[in-house]
Number of protein chains: 4
Amino acid sequence: MKAAVLYEFDPSLTSPQYVRYEEVPDPRIEKTTDVIVRIGGAGVCRTDLHIVEGIWRDKANVQLPYIMGHENAGWVEEVGSGVEGIKVGDPVICHPLVTSGHCLACRRGDDMHATDSKFPGINTNGGYAEYLLTGARSLIKLPASLTPKDVAPYTDAGLTAYRAAKKASRHLLPGEYAVVIGVGGLGHIGVQVLAALCAAEIIAVDRSDMALGLAKECGAHHLVKSDRTEVDQILALTGGRGAEAVIDFVGEGDAVAKGLAMTRNGGFYYIVGYGGKVEIPTIEMITSEKTIVGNLVGTYPELVELMALADRGLVKLATREYRLEQANEALHDLHHGKVKGRAVLIP
Amino acid sequence: MKAAVLYEFDPSLTSPQYVRYEEVPDPRIEKTTDVIVRIGGAGVCRTDLHIVEGIWRDKANVQLPYIMGHENAGWVEEVGSGVEGIKVGDPVICHPLVTSGHCLACRRGDDMHATDSKFPGINTNGGYAEYLLTGARSLIKLPASLTPKDVAPYTDAGLTAYRAAKKASRHLLPGEYAVVIGVGGLGHIGVQVLAALCAAEIIAVDRSDMALGLAKECGAHHLVKSDRTEVDQILALTGGRGAEAVIDFVGEGDAVAKGLAMTRNGGFYYIVGYGGKVEIPTIEMITSEKTIVGNLVGTYPELVELMALADRGLVKLATREYRLEQANEALHDLHHGKVKGRAVLIP
Amino acid sequence: MKAAVLYEFDPSLTSPQYVRYEEVPDPRIEKTTDVIVRIGGAGVCRTDLHIVEGIWRDKANVQLPYIMGHENAGWVEEVGSGVEGIKVGDPVICHPLVTSGHCLACRRGDDMHATDSKFPGINTNGGYAEYLLTGARSLIKLPASLTPKDVAPYTDAGLTAYRAAKKASRHLLPGEYAVVIGVGGLGHIGVQVLAALCAAEIIAVDRSDMALGLAKECGAHHLVKSDRTEVDQILALTGGRGAEAVIDFVGEGDAVAKGLAMTRNGGFYYIVGYGGKVEIPTIEMITSEKTIVGNLVGTYPELVELMALADRGLVKLATREYRLEQANEALHDLHHGKVKGRAVLIP
Amino acid sequence: MKAAVLYEFDPSLTSPQYVRYEEVPDPRIEKTTDVIVRIGGAGVCRTDLHIVEGIWRDKANVQLPYIMGHENAGWVEEVGSGVEGIKVGDPVICHPLVTSGHCLACRRGDDMHATDSKFPGINTNGGYAEYLLTGARSLIKLPASLTPKDVAPYTDAGLTAYRAAKKASRHLLPGEYAVVIGVGGLGHIGVQVLAALCAAEIIAVDRSDMALGLAKECGAHHLVKSDRTEVDQILALTGGRGAEAVIDFVGEGDAVAKGLAMTRNGGFYYIVGYGGKVEIPTIEMITSEKTIVGNLVGTYPELVELMALADRGLVKLATREYRLEQANEALHDLHHGKVKGRAVLIP
Ligand SMILES: [Zn+2]
Ligand SMILES: [Zn+2]
Ligand SMILES: [Zn+2]
Ligand SMILES: [Zn+2]
Ligand SMILES: [Zn+2]
Ligand SMILES: [Zn+2]
Ligand SMILES: [Zn+2]
Ligand SMILES: [Zn+2]
Ligand SMILES: [Zn+2]
Ligand SMILES: [Zn+2]
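Residues numbered from 1 in each chain as written. Chains lettered and ligands numbered in written order. Predicted model: local features only at pLDDT ≥ 70, side-chain atom pairs only at ≥ 80, totals over all residues. Heavy atoms only, no water.

### A closer look at the pattern of salt bridges
Close approach of charged atoms allows side chains of opposite charge to pair.
1) Next: Under the defined criterion, the tally for this structure stands at 92 salt bridges over all chains.
2) Next: One salt bridge connects Asp150 of chain C with Lys149 of chain C, and the closest N-O pair in it is separated by 3.4 Å.
3) Next: We classify Asp150 of chain C as partly exposed; its relative accessible area is 32%.
4) Next: We classify Lys149 of chain C as partly exposed; its relative accessible area is 29%.
5) Next: Among the ionic pairs, Glu244 of chain C bridges to Arg264 of chain C, the shortest N-O distance being 2.9 Å. Residue Glu244 of chain C is located in strand S14 (residues 243-248), and its partner Arg264 of chain C is located in strand S15 (residues 263-271); the two are separated by 20 residues in the primary sequence.
6) Next: Assessed through its relative accessible area of 11%, Glu244 of chain C is described here as buried.
7) Next: Classification of Arg264 of chain C as partly exposed rests on a relative accessible area of 22%.
8) Next: In the salt-bridge network here, residues are joined through shared partners; they are Arg108 of chain A, Glu176 of chain B, Glu289 of chain C together with Arg163, Lys166, Lys167, Glu302 and Glu305 of chain D. (Salt bridge = Lys/Arg side-chain N within 4 Å of Asp/Glu carboxyl O. Buried < 20%, exposed > 50% of the residue type's maximum accessible area, 1.4 Å probe, protein only. Helix = DSSP H or I, 4+ residues; strand = E, 2+ residues; numbered from the N terminus.)

Here is the structure:
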C-alpha cells in the first residue's frame with residue numbers, strides 16, 4: 001500500500017520533507033480481535049509536528065521508520081476470527097487507543113489508562129496510509145449522517161477537547177464562566193462542547209482574529225484578543241474573580257501562567273496543549289485552592305458521546321482536505337498557521 | 001488582657017523572641033453578630049513561623065503589631081445583640097474564618113471562599129491572648145467529651161488535614177493506595193482521617209522514625225523512610241504504578257517533585273504544605289492525566305464533621321501544652337522539630 | 001393593606017370564591033433580619049389549589065384565615081436593624097423559604113432542608129397581598145433586565161423545575177434521553193433548563209396539543225401525545241430501553257406508573273408533581289436498578305443560577321397577569337386548564 | 001458430572017426435595033472466550049428459594065430442568081482459544097454475569113446493565129454442579145489468602161451488599177447515620193463494608209438476637225430489635241430526624257414502609273431485599289425529598305474491590321458448608337432460618 005513514512009526527526013522543523021510518500025507492505029491480521037480499516041481520512045495534528053521534532057521520542061519509544069497518523073476513520077476491510085458485531089464494509093471511526101479490555105482501568109470504562117495498550121500513529125504504525133491495523137474494541141460504527149473523512153479528527157483533536165470540556169461542564173453552573181485559551185483545531189471543538197453541555201458563559205482567548213471569529217461561530221459569548229492584557233480583560237469580565245474553569249489548548253509560552261492567573265479561587269485549570277511548563281509556588285496553590293487537571297484524549301464511551309453530538313449537528317468540525325501524497329504540505333501548512341480548523345489526509 | 005504580640009518580621013527566624021508577652025486592650029463587641037471567646041487553648045502552627053518569617057506579609061496584608069493565633073477554642077464570654085443559639089459559658093471551637101454568610105460561596109456551604117471574610121490570627125488579632133473577637137457563624141459547641149485546649153489545633157491543622165483527606169477519600173477505592181508525605185501536626189491527623197473515611201492502604205512517608213512511629217499508631221499500613229529512594233519504594237509497594245492519592249503535608253524542597261512522581265497516572269496530588277514550588281512540564285500533565293489540588297483549611301460543616309470523629313475517638317490529636325507566656329518557647333520548639341503532635345498555648 | 005385571604009378549605013374546589021379580597025393589617029418588622037417587600041407580582045400555583053382543597057392542611061399546619069402566595073417578587077420596603085447589603089427600593093425576588101442560616105443544612109448550602117424555616121404562603125402569610133414579611137437571607141437582587149411581576153413564578157414553579165432538571169442534567173450524557181411528563185407552568189421551564197444544561201434529547205409528553213406546542217418552542221426534540229400508548233412511543237424513540245431520566249411534573253393518575261415504565265434500567269425517575277402514589281414491587285426496583293427521586297423547590301444558590309439563565313434569555317416564563325382582586329378568577333382559570341404558562345397576581 | 005437439578009417450581013416451598021442430585025452431561029467450550037470452572041463452592045441464596053417458588057420465572061425466562069447456583073468460585077479447568085491472561089488451575093471467583101464487553105454499558109464499566117449478558121444459575125445452568133461454563137470476562141484470580149469455597153457467596157450476596165453499602169458510603173459523612181435492616185447473609189456484609197468505607201454510625205435492625213449479635217461483631221454501633229417500635233427507636237437515636245442512609249436487606253412485609261419512615265428528609269433508602277412493594281404518596285416524596293434506590297448485584301470492578309477488602313480481612317463471611325448432594329438440606333435450612341451467615345455447596 002501507499003503510506004507517508006517518517007524516517008528521521010527534525011527538531012527545528014525546517015526540512016521541506018518531514019515524511020516520504022512510498023510503497024510499504026500491507027498490514028496483516030495477527031490476533032483474533034484485530035481489524036484492518038481502509039482509511040477514509042487521517043487527521044493531521046500538532047502532535048504529529050511534535051513527533052517530527054522528536055518531543056515524543058522518549059515517551060512513545062517508537063522505532064523509525066514508522067507511519068504517523070493517530071486520527072483515523074474509514075471502512076472495515078478485514079476482521080480477525082474472534083470479532084463480533086462488526087462486518088466488512090462498515091463505516092467506522094477509530095478510537096485512538098487499541099486495548100485488550102482486560103485490565104482494571106478498561107473494566108472501569110477508563111480505557112485511556114489501560115495498562116495494556118497500543119497507540120497507532122504514536123507508538124506503532126498509524127493512518128497516514130491506505131490501511132490501518134487496529135482492534136475491534138477501538139471501532140465505533142458511524143451513523144449515516146457522518147462520513148469517515150469528515151470525522152477522522154474527532155478521534156483525537158475532537159475527543160481531547162470533548163473530554164476536557166466535559167470535565168469542566170460537570171461543575172460549571174449558570175452564572176459561571178469558562179475560558180477557552182486557543183481556538184484552533186481543538187479549541188473550536190471545546191467551545192462547541194461547552195456550549196452544548198452547560199450554560200456557563202464562554203470566553204474565547206486567542207491572538208488571531210480569524211480564530212476569534214471561529215470562536216464566535218462556535219458559540220463563544222465573549223472574545224478576548226490575546227495580548228499583554230488578557231488576564232486583566234478576563235478579570236474585568238468576571239467581576240474581578242476569574243473564571244471557574246479555564247481550558248488551555250495552548251499549554252506553552254506564557255499561556256500557562258496566564259491561564260492559572262485567570263482561574264478563580266477554588267476553580268479548575270485544565271491543561272490540554274503542551275510544550276511549556278507549569279510553575280507555581282505551593283503557597284499560591286494553597287491560598288487559592290485551585291486545581292490543575294491534565295487531560296489525555298478520552299475514553300471510547302466519550303467518543304460515542306461526541307459522535308452523538310456530531311450526528312445531531314451540535315458539534316461541527318472545520319476540515320481542509322489534502323491527498324495522502326500531500327502529507328508534507330499539510331504538515332507545513334499546519335506548522336505555519338495556515339490551516340483553519342483541521343487538516344485531513346485522504347488516500 | 002495578656003497577649004503574645006508580634007512586633008516585627010524575622011525572615012531568618014533567628015531572634016530568640018519572636019513575640020512579646022504583654023498587656024493589651026481587651027477586644028470589644030462591635031457588630032450585632034460579634035462574639036468574644038475566652039481562650040481555652042490556641043494552637044501553635046507552622047504557619048505562625050511563616051508569618052514571623054514574613055511569607056504571609058503580602059497575602060494577609062496585616063499591620064504590625066498584631067496578635068497571632070488562628071487555632072482557637074474556649075468559652076463564650078460575651079455575645080452581640082443579634083446572636084441566637086449561643087450563650088455565655090458555652091464551650092466552643094472557633095472555625096478559623098469569620099464570615100457574614102451573605103456571599104454566594106457562603107450560601108453554597110463553601111465558606112472558605114467567602115468574598116467577605118476575616119481570618120483572626122492571620123489578618124486580624126488572633127488567639128495568642130486571653131480573649132478573642134470572632135463571629136457567631138464561626139462557633140461550634142463542643143460535646144461533653146471534648147475540652148477547648150485539647151481541640152484547638154483541630155481548627156486549622158486538623159481541619160486542613162481533614163479536608164484534604166476527605167477529598168481523597170471520595171475517590172479512593174478498596175485496593176487503592178494513599179500516600180501521606182510528612183507525619184507531623186497535620187499529617188498524623190490526615191492518616192487518621194483516611195483510615196476512618198476509606199479503605200485504601202495508607203503509606204506514610206517521613207524522614208523521622210518518631211514520625212513514622214506516630215503514623216503507625218494513627219493507622220498507616222506501610223511506613224517509608226524518606227531518603228533518596230522513597231519514590232522507588234512507593235512504586236515497589238504499588239505494583240510500579242504509584243498511588244491514586246498523594247497528600248503532601250510538606251510542600252517544599254524535593255517533596256513536591258517526589259510527590260508528583262509517586263502519583264499514579266490518573267491520580268491526584270494534594271498540596272497542603274507550602275514553601276516550595278510546583279514545576280512540571282505540561283506534556284507530563286497531559287500524558288499522565290494527573291490532577292494537582294490545592295487545599296485551604298476547610299468549611300464550617302467540615303469542622304462539625306471532624307468534631308464528630310473526635311467525639312467518637314476516631315481521630316486523636318497529640319498535643320503539648322505551654323503557658324501563653326511561653327509562646328516563644330513553643331514557637332522555637334516547633335521550629336526545631338521538638339514538638340511531637342501539636343503545641344497549644346494556654347492563657 | 002389589601003389581600004386575598006383564605007377562610008376555609010374547599011375539598012371539591014366547587015366554590016366560586018376560594019379567597020376573600022379585603023383589608024388586613026400591614027405586616028411589621030419583628031426580628032433584626034426581617035424585611036418587608038412591596039409585592040410586584042405573586043405567582044398562582046397548583047399548590048394553591050391543593051391548599052384550598054385541604055391537601056396541605058396536615059403538612060403545613062396553618063391556621064385559617066391566612067394569606068396564600070408563595071411565589072413572590074417586588075421591591076424592598078423596609079429592613080430590620082441587622083440587615084446588610086440590601087436597601088429600600090431594591091428590586092428583589094424572594095426565595096420561598098425563610099431560614100435563619102444556623103442549622104447544618106443551611107451551612108451546607110442545602111437550605112431547603114433547614115430545621116428552622118418558615119414558608120410564607122404555605123405555613124405563614126404569603127404574597128397575595130400588597131406587602132410580604134420575609135427575611136434578608138431570602139432575597140436576591142434582580143438585574144436590570146428582569147422585573148418583579150415577570151419573574152415571581154420562578155421562585156417556586158421555576159425553581160422546582162430548575163432543581164429537578166439540574167439534577168438530571170448532572171448525569172445526562174450526549175446520546176441519552178430525558179422525558180418531561182406534563183408541559184405546564186413547571187414543565188415548560190423544565191424543558192428549557194434541560195436544553196440549557198445538557199445535550200440529552202428531550203422528549204415532551206402531554207395530553208394537550210397546546211402544551212406540546214409550547215414544549216417545542218422551549219426546545220423539546222420529540223413530542224409525544226399522552227394517550228394509552230405513550231410508554232410504547234417512548235420505548236420506540238429510545239431503542240426499546242427507555243429514557244435515562246424521566247421528570248414527572250404530573251405525579252398523579254397513571255403518570256407515575258407510566259413514568260417509571262418509561263425509565264431505563266439504571267435510570268432516574270424524578271417526581272415533581274404530586275397527588276398520586278408510587279407503587280412498585282421491590283423486585284422491580286432490584287432488577288431494574290432504577291432510582292426514584294423526590295424534588296422540593298430548590299436552594300437559594302439555585303435560584304441565583306436560575307436568575308442567571310433568565311437574565312441571559314436562556315429561560316423564559318410565559319405569564320398571564322391578573323389584578324390582585326381577581327385572585328379567584330386566576331385560581332379558577334388555573335383549575336380549569338385555561339392558563340398557558342403561569343398566572344401572576346399584581347396588587 | 002454430578003449436579004443438583006431443578007425440575008419444577010414449588011410456590012409454597014413445601015416439597016422436601018426442591019432439586020434432584022443426579023448425573024448430567026459436562027458443559028463444553030463453545031465460544032473462543034468461554035471458560036469452564038471446576039466448582040470449589042457454590043453459595044446457596046434466598047434468590048434460589050425465590051426461583052424455586054417461581055418468582056423469577058417471568059423475569060429470567062428459564063426452561064426447566066436447569067441447574068441453579070449463581071454464587072460460584074473454583075479453579076479454571078479449560079479455556080477457549082481466545083482467552084488471554086487466565087490459565088488452567090488458577091483459583092478464581094466468578095462474577096455472576098457473563099458479558100461480551102461490547103455494549104456501551106460494559107464499555108462504561110457498568111457491566112451489570114449489559115444489553116448482552118447471561119446469568120448462570122438464573123437464566124442458564126449454574127454452579128450447583130461439579131463444573132460451570134462461564135466467560136473469561138467474569139473471572140477474578142484469587143490471592144493466596146482466599147480459597148474458592150470460602151469466597152463463593154461474595155459473588156452475589158457479598159457483591160450486592162457491597163454495591164449498596166458503597167453507594168451509601170459515597171454520601172455518608174462523619175456525624176451521619178446508616179441503618180441496616182436485616183443482618184443475614186447480605187446484611188452482615190453490608191455492615192462490614194459500611195464500617196470499612198465510611199465513618200457514619202451504623203444502626204443494625206433485626207428481629208433476631210443472633211443476628212444483632214452478628215451485627216455487633218461486624219461493627220454496628222447501635223442495635224435495634226425489630227418490633228413495633230423500631231422506627232421510633234431510630235428516630236430517638238438520630239435526634240428525631242432519621243438516618244441519612246437506610247439499606248433494606250429485607251424488602252418485604254412492613255420493612256419497606258418502616259425503612260422509608262426511618263429515612264431522613266433528603267436521605268436515601270436503598271432496596272436490596274425483595275418480595276414486597278414500595279407504596280408512598282408522591283406528596284411524601286416531594287416534601288421529604290427522599291431518594292429510593294434499587295440495587296442489583298455489582299460490577300466486575302466492584303467484585304475486585306470486595307476481594308481487596310476480604311484479602312485484608314476487612315470483610316469476613318460467615319459460611320456453613322454442605323456437600324453438593326445435601327443441596328435440599330441447605331435450601332431448607334435457609335428457608336427455615338437455620339443458617340447463620342451463608343450456606344455453601346461443595347461438590
Ligand atoms: Zn492528534
Ligand atoms: Zn486495559
Ligand atoms: Zn514549513
Ligand atoms: Zn494553623
Ligand atoms: Zn460569604
Ligand atoms: Zn530557635
Ligand atoms: Zn408554587
Ligand atoms: Zn437552617
Ligand atoms: Zn445470590
Ligand atoms: Zn455489554
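Alright, that's what it looks like, and here's the rest.
### Section: helix H1 (residues 46-53) of chain C
All names here are of chain C.
1) Next: Taking burial as the measure, the eight residues of H1 include six buried ones, the bulk of the element.
2) Next: Every buried residue of H1 is accounted for by Thr47, Asp48, Leu49, His50, Ile51 and Val52.
3) Next: Packing partners of the buried residues in H1 comprise strand S1 (2-6), strand S3 (34-44), strand S4 (66-67) and helix H12 (327-335). (Contact = heavy atoms within 4.5 Å.)

### A few points about the interface of chain A and chain B
1) Next: Across the boundary between the two partners, chain A contributes 41 residues, which contact 41 residues of chain B.
2) Next: Carbon and sulfur atoms supply 60% of the area that chain A and chain B bury against each other, a total of about 3,200 Å² over both sides.
3) Next: A per-residue breakdown of the area chain A buries against chain B is headed by Thr282, Ile286 and Glu289 of chain A, which together make up 22% of the total.
4) Next: Inspection of the chain A/chain B interface yields eight salt bridges.
5) Next: The residue Lys167 of chain A makes a salt bridge to Glu289 of chain B at a minimum N-O spacing of 3.2 Å. (Buried area = accessible area lost by both parts, 1.4 Å probe.)

### So, the sheet that holds strand S2 (residues 19-23) of chain C
Residues and elements named next belong to chain C.
1) Next: Read across the open sheet, the three strands follow the order S2-S1-S4; overall the sheet is antiparallel. The two strands at the open ends of the sheet, each matched to only one other strand, are S2 and S4.
2) Next: Pairing of S1 with S4, which is carried by two bridges, proceeds in the antiparallel orientation. Looking at the pairing, Val5 lines up with Ile67 of S4. (Pairing = 2+ DSSP bridges.)

### Quick word on the coordination of the zinc ion (ligand 1)
Residue and element names in this part refer to chain A.
1) Next: The zinc ion (ligand 1) binds to the protein through Cys45 (SG), His70 (NE2), Glu71 (OE) and Asp156 (OD); the donor distances cover 1.7 to 2.2 Å.
2) Next: For the zinc ion (ligand 1), the four donor atoms are set out with angles of 96 to 128 degrees between them, so the coordination reads as tetrahedral.
3) Next: Sequence spacing among the residues donating to the zinc ion (ligand 1) works out to C-x24-H-E-x84-D. Of this pair, Cys45 sits in the loop between strand S3 (34-44) and helix H1 (46-53) while Glu71 is found in the loop between strand S4 (66-67) and strand S5 (72-79), placing the two residues 26 residues apart along the sequence.
4) Next: On the accessibility criterion, Cys45 (4% relative accessible area) is buried. (Donors = N, O, S within 2.8 Å, 3.2 Å for Na, K, Ca; no water. Tetrahedral: all angles 85-135°; square planar, octahedral: opposite > 155°, others 65-115°.)

### A few points about the pairing of strand S18 (residues 319-323) of chain A
Residues and elements named next belong to chain A.
1) Next: Pairing of S18 with strand S19 (residues 342-346) involves five bridges; the strand directions are parallel. When the bridges of S19 are listed, Arg320 appears paired with Ala343.
2) Next: You can see the chain leave S18, run along helix H12 (residues 327-335) and come back into S19, and the turn it takes is right-handed. (Right-handed = clockwise from strand over helix to strand, strands pointing away.)

### Regarding the packing of helix H5 (residues 157-169) of chain D against helix H11 (residues 300-311) of chain D
Residues and elements named next belong to chain D.
1) Next: Orientation of H5 relative to H11, taken along the N-to-C sense of each, is 95 degrees, at an axis distance of 10 Å. Taken together, H5 and H11 sit at an angle that is classed as roughly perpendicular. Contact with H5, carried on its side by Gly158, Leu159, Tyr162, Arg163 and Lys166, involves Glu302, Leu303, Glu305, Leu306 and Leu309 of H11 and no other residues of that element.
2) Next: Here the residues of the contact of H5 with H11 sort into five nonpolar, one polar and four charged. (Axes fitted to C-alpha atoms, helices over the stretch in contact; angles between N-to-C directions. Parallel < 35°, antiparallel > 145°, perpendicular 65-115°, else oblique. Nonpolar A, V, L, I, M, F, W, Y, C, P; charged D, E, K, R; others polar.)

### Comments concerning the relation of the copies chain A and chain C
Superposition of the two copies of the chain requires a rotation about an axis and a shift along the axis.
1) Next: It takes a turn of 180 degrees to lay chain A on chain C, together with a shift of 0.0 Å along the axis; the resulting RMSD is 0.0 Å. Both chain copies can therefore be described as sitting about a two-fold axis.
2) Next: Both copies present the same face, since 100% of the interface residues in chain A are matched by interface residues at the equivalent positions in chain C. (Least-squares fit on C-alpha atoms with pLDDT ≥ 70 in both.)

### Comments concerning the UniProt feature "domain: Enoyl reductase (ER)" (unreviewed entry) in chain A
1) Next: Feature annotation in UniProt places "domain: Enoyl reductase (ER)" (unreviewed entry) on residues 14-345 of chain A, given in this structure's numbering.
2) Next: End-to-end, the C-alpha atoms of residues 14-345 of chain A are 21 Å apart, and along that stretch the chain is 30% helix and 27% strand. (UniProt positions renumbered as here; feature names shortened; annotations may be inferred.)

### Overview of the interface of chain A and chain C
1) Next: With 21 residues of chain A at the contact, the number on the chain C side is 21 residues.
2) Next: Here chain A and chain C share an interface that buries about 1,500 Å² over both sides, 53% of which is from carbon and sulfur atoms.
3) Next: Where chain A packs against chain C, one counts zero salt bridges.
4) Next: Here chain A and chain C share five residue pairs in polar contact (both at pLDDT 80 or more) between them.
5) Next: Counting only elements with at least two residues in the side of chain A that touches chain C, the list comes to helix H5 (157-169), helix H6 (187-197) and helix H11 (300-311) of chain A.
6) Next: The residue makeup of the side of chain A that touches chain C, split by class, is 12 nonpolar, four polar and five charged. (Polar contact = N/O pair within 3.5 Å; in protein donor to acceptor, adjacent residues only side chain to side chain.)

### Description of the relation of the copies chain A and chain B
1) Next: After a rotation of 180 degrees and a shift along the axis of 0.0 Å, chain A superposes on chain B with an RMSD of 0.0 Å.
2) Next: The overlap is high: 100% of the interface residues of chain A also sit at the interface in chain B, so the same surface is used on both sides.

### Remarks on the side chain of Asp10 of chain B
Residues and elements named next belong to chain B.
1) Next: Among the secondary structure elements, Asp10 is positioned in the loop between strand S1 (2-6) and strand S2 (19-23).
2) Next: With no salt bridge to any partner, buried Asp10 finds its closest opposite charge in Arg57, at an N-O distance of 9.6 Å.
3) Next: Reaching out from Asp10, the side chain makes a polar contact with the backbone nitrogen of Thr14 at a distance of 3.0 Å.
4) Next: When residues no more than four places from it in sequence are discounted, the contact partners of Asp10 are Ser15, Tyr18, Val52 and Glu53. (Lys, Arg positive; Asp, Glu negative; His and termini not counted.)

### Topic: the sheet that holds strand S13 (residues 222-225) of chain C
Strand pairs in the sheet, formed through backbone hydrogen bonds, run parallel or antiparallel to each other.
1) Next: Here we have 12 strands laid out as an open sheet, ordered S13(C)-S12(C)-S11(C)-S14(C)-S15(C)-S17(C)-S17(D)-S15(D)-S14(D)-S11(D)-S12(D)-S13(D), and mixed in their pairing. In the strand order of this sheet, the two ends are held by S13 of chain C together with strand S13 (222-225) of chain D, each with one partner. Along the sheet, successive strands turn relative to each other by an average axial angle of 15 degrees, direction set aside.
2) Next: Across four bridges, strand S15 (residues 263-271) of chain D lies against strand S17 (residues 291-294) of chain D in parallel orientation. When the bridges of S17 of chain D are listed, Phe268 of chain D appears paired with Thr291 of chain D.
3) Next: Packed onto the sheet, helix H7 (residues 209-218) of chain C meets strand S12 (201-206) and S13 of chain C and runs at close to 170 degrees relative to S13 of chain C.
4) Next: Of the strands in this sheet, strand S14 (243-248), S15 and S17 of chain D touch H5 of chain D, which is tilted by about 175 degrees from S14 of chain D.

### A word on the pairing of strand S12 (residues 201-206) of chain D
Residue and element names in this part refer to chain D.
1) Next: For S12, the tally of buried residues reaches six of six residues, placing the bulk of the element in the interior.
2) Next: Burial along S12 is two-sided: Glu201, Ile203 and Val205 facing one way and Ile202, Ala204 and Asp206 facing the other are all buried.
3) Next: Remark: the strand S11 (residues 177-181)/helix H6 (residues 187-197)/S12 crossover connection has right-handed handedness.
4) Next: The pairing of S12 with S13 spans four bridges and is parallel. By the bridge assignment, Asp206 is partnered in S13 with Lys225.
5) Next: Crossover connection from S12 via helix H7 (residues 209-218) to parallel S13: handedness right-handed.

### What about the domain arrangement of chain A?
All names here are of chain A.
1) Next: What the domain assignment reports for chain A is domain 1 (2-156 + 297-346) and domain 2 (159-294).
2) Next: The gap between the C-alpha centroids of domain 1 and domain 2 is 27 Å.
3) Next: On the domain 2 side, the residues contacting the 25 residues of domain 1 number 17 residues.
4) Next: Summed over the three residues of domain 1 that lose the most area to domain 2, namely Val297, Glu302 and Lys340, the buried surface amounts to 26% of that side.
5) Next: Linking domain 1 to domain 2 there are three salt bridges.
6) Next: Across the pair Glu305 and Lys166 runs a salt bridge whose closest N-O atoms are separated by 3.1 Å.
7) Next: Counting across the interface, domain 1 meets domain 2 through 12 residue pairs in polar contact (both at pLDDT 80 or more).
8) Next: Taken together, the elements giving at least two residues each to the side of domain 1 that touches domain 2 come down to H1 and H11.
9) Next: It is H11 that contributes the most residues to the side of domain 1 that touches domain 2, five residues altogether.
10) Next: When grouped by side-chain class, the residues that make up the side of domain 1 that touches domain 2 number 11 nonpolar, seven polar and seven charged. (Domains from an automatic or database assignment.)

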